[in-house]
Each structure stands twice: as structure tokens, then as C-alpha cells.
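Fold and contact review
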Amino acid sequence: MSRSDLADAFTDDSALISYVAAGDPSADATREYVEALVEGGSDVIELGLPFSEPVAEGTTIQNAIKRALDAGMTPDAYLDLVRSLDVDVPVVCMTYYNLIYQYGTESGPEEFVEAAADAGISGFVVPDLPVDESGPLYEACREHGLDLVFIVAPTTTEERLDRMLDRTTGFVYVQGRLGTTGARDEMSDDTPAALDRLRDADVPKAVGFGISSGEQAREVVASGADGVIVGSAYVDLIAEGVENDDPTDAVAERLRDLAAELKAGATASVPEPERK
């Protein structure tokens, strides 16, 4: 696949960013799932490169990562999968820094970033990389034309937030609640406050952690988000399919339907939120 411009995903409507773990439960299944998510309305695919110690993830995605690793997913297999995707939306690599740093013949991020750019990746989300230690990856991304996305948590200090925004391109990942990833029934009260802190940022704001329905997507956008990030809700459907031994195309259809619901919610007409 050719690499798409991540910023373009936010130019028309509120963006839907959809996460799945590469290789869960197989590379072939992931390929079909990604294509279904795009057919359902996903504007960006956040494709997880499995790592054995996913500290930011809840049980749902940890189990997905284990299934992917057990099925043989590796960084090279991941890049092959990205090359084979028949989609016309940006693909963002969500992974942990050790895999990027240790890839290739010499330590450092340069070799993996170059390989990712050649495969068609548009950017990175690296949840365990502090902004103060992100210089080498930031420079490698700049050299190869990739975006680097930082996660802003409710507890992020103003000083650290400023440094993140100096290096964030593509969009800023707003952690909508404290804790790890996982689908929730209600939007967190932390979300409007987190978005309000970023109201003057000149980069799109996408909210993740807990969104699982079209109504939640609508509420998040109404609070000021430019997009929503959904992962665990999709992975729950994949896990259910694995447990029930459902055909891949049946699971793909459920993913497509959920993406369509989420996209409709994210782009629903909503009033501007009141500022207090």
C-alpha cells in the first residue's frame, strides 16, 4: 500500500480511528478485518505491533496481543502485512519503543522507521516513550516523513504537555480517562476537561480509552474532539469470534457494522459545547 497523509483524515468530518492488533488471530484475518473497518467508515487504522509487555493496555487488548504473538506475529511479519493491505487510509503503528529501538542491525529507531515508511506506515503511537526521551524517534520520523503522535493523559502536567505539542504531528491522542484501555459504558467526566486543555492546540484532537458506541462517539465530538479512537470494542468482537470459532468473514461483517455505527455517531450534527 502507499502511505497516506494522516492530516487529511481530519479535513472533512470528525475522524474515526480504529485499532486492531496485527496477527489477531492471524495475519490473513487481520487483513480482512482492516478492510472491513475501512469499508465501515474508519478514516485511520491504528495497527498494533504486538509487544510482550503492553503496559498501557487493559485485559482485552493484552489477550489480543497474546493471540497475535502465539500466531507468530513479528516486526517483519507486521511490515509484510502492512504492505499487503488494500486500503486507502493512513495506517499508524501503535507499539512499544523496545521493538522500534532493537530492530535491525544497530540499536536505535532509524532502521525500523525507514522500513515502516517503505511499507506504507504514516505515523507512530508509542505509549511508553516519554517526550523527554523521544528525540531520536522524532528526528527519524521527520527524516522519513512520518507523524509522531503523543498520548496526553488527564495527569499530564502543563510543562510536559507543551513539550508534547512541540513534537506532535498528525493528531494528538487524548486519553479520555485514567487507567488502561478497555471498552466502557459511559463517557468519562475527564474527557471535556482534557479537551479544554487543548482548545488552543493547532493539531487535531482525537479521544481514546473506553469508546464503544455511536452515542459515546457523538458525546466525545460534542465535547470538542476532532475524532474518536476505538480499539477494545473491536477486539471484543474478534475475541468472541475466536471463542466461538466463527468464520473470518462473519467477524469482519460485525466489525464493519460497528465502525459504521461509530462513524455515524462521530459525524452526527451536534451543538457547540458551552464554555463555562
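Residues numbered from 1 in each chain as written. Predicted model: local features only at pLDDT ≥ 70, side-chain atom pairs only at ≥ 80, totals over all residues. Heavy atoms only, no water.

**Considerations on the overall build of the protein**
Per the secondary structure count, the protein includes 11 helices and 9 strands. In summary, the protein has a C-alpha radius of gyration of 17 Å against a globular reference of 19 Å for 276 residues, a match within 12%. Summarising its shape, the C-alpha atoms of the protein cover approximately 50 × 45 × 30 Å along the three principal directions. Evaluated residue by residue, the protein yields a buried proportion of 55% over its 276 residues. (Helix = DSSP H or I, 4+ residues; strand = E, 2+ residues; numbered from the N terminus. Rg over C-alpha atoms; globule rule 2.2 N^0.38 Å. Buried < 20%, exposed > 50% of the residue type's maximum accessible area, 1.4 Å probe, protein only.)

**Observations regarding unusual backbone geometry**
A cis amide bond, omega -5 degrees, links Asp24 with the succeeding residue Pro25. Secondary-structure assignment places Pro25 in the loop between β1 (15–21) and α1 (27–39). A positive phi angle, close to 80 degrees, is found at Phe209, a residue other than glycine. Its place among the elements puts Phe209 in the loop between β8 (205–208) and α9 (214–222). Assessed through its relative accessible area of 9%, Phe209 is described here as buried. In this structure, Asp245 takes a positive phi of about 55 degrees despite not being glycine. Structurally, Asp245 is set in the loop between α10 (232–244) and α11 (248–266).

**With respect to the state of the cysteines**
Counted by the stated rule, this structure contains 0 disulfides. Of all cysteine sulfurs in the structure, the one in Cys141 sits closest to Cys93, which takes part in no disulfide; the separation is 9.8 Å. (Disulfide = S-S within 2.5 Å.)

**Some thoughts on the packing of aromatic side chains**
Here the structure, examined in full by the defined rule, presents 6 aromatic pairs. Ring plane angle 75 degrees and centroid distance 5.1 Å describe the contact between Tyr103 and Phe112, whose orientation is recorded as edge-to-face. By relative accessible area, Tyr103 is classed as buried at 18%. The buried category is assigned to Phe112, whose relative accessible area is 0%. Where Phe112 meets Phe124, the ring centres are 6.1 Å apart and the plane angle is 55 degrees; that geometry is what we call tilted. One end of the pair, Phe112, is in helix α5 (residues 110–119); the other, Phe124, is in strand β4 (residues 123–125), with 12 residues separating them in the sequence. Phe124 shares its class with Phe112; the two are buried. (Phe/Tyr/Trp six-rings, centres within 6.5 Å; stacked < 30°, edge-to-face > 60°.)

**Focus: the UniProt feature "active site" (unreviewed entry) in the protein**
Taken from the UniProt record, the annotation "active site" (unreviewed entry) applies to Glu46 and Glu57. Within the secondary structure, Glu46 is located in strand β2 (residues 44–48). In this view, Glu46 contacts Ile17, Ser18, Tyr19, Val20, Val92, Met94, Val125, Tyr173 and Ile229; residues no more than four positions away in its chain are not counted. Within the fold, Glu57 resides in the loop between β2 and α2 (59–70). By relative accessible area, which is 4% here, Glu57 ends up buried. (UniProt positions renumbered as here; feature names shortened; annotations may be inferred. Contact = heavy atoms within 4.5 Å.)

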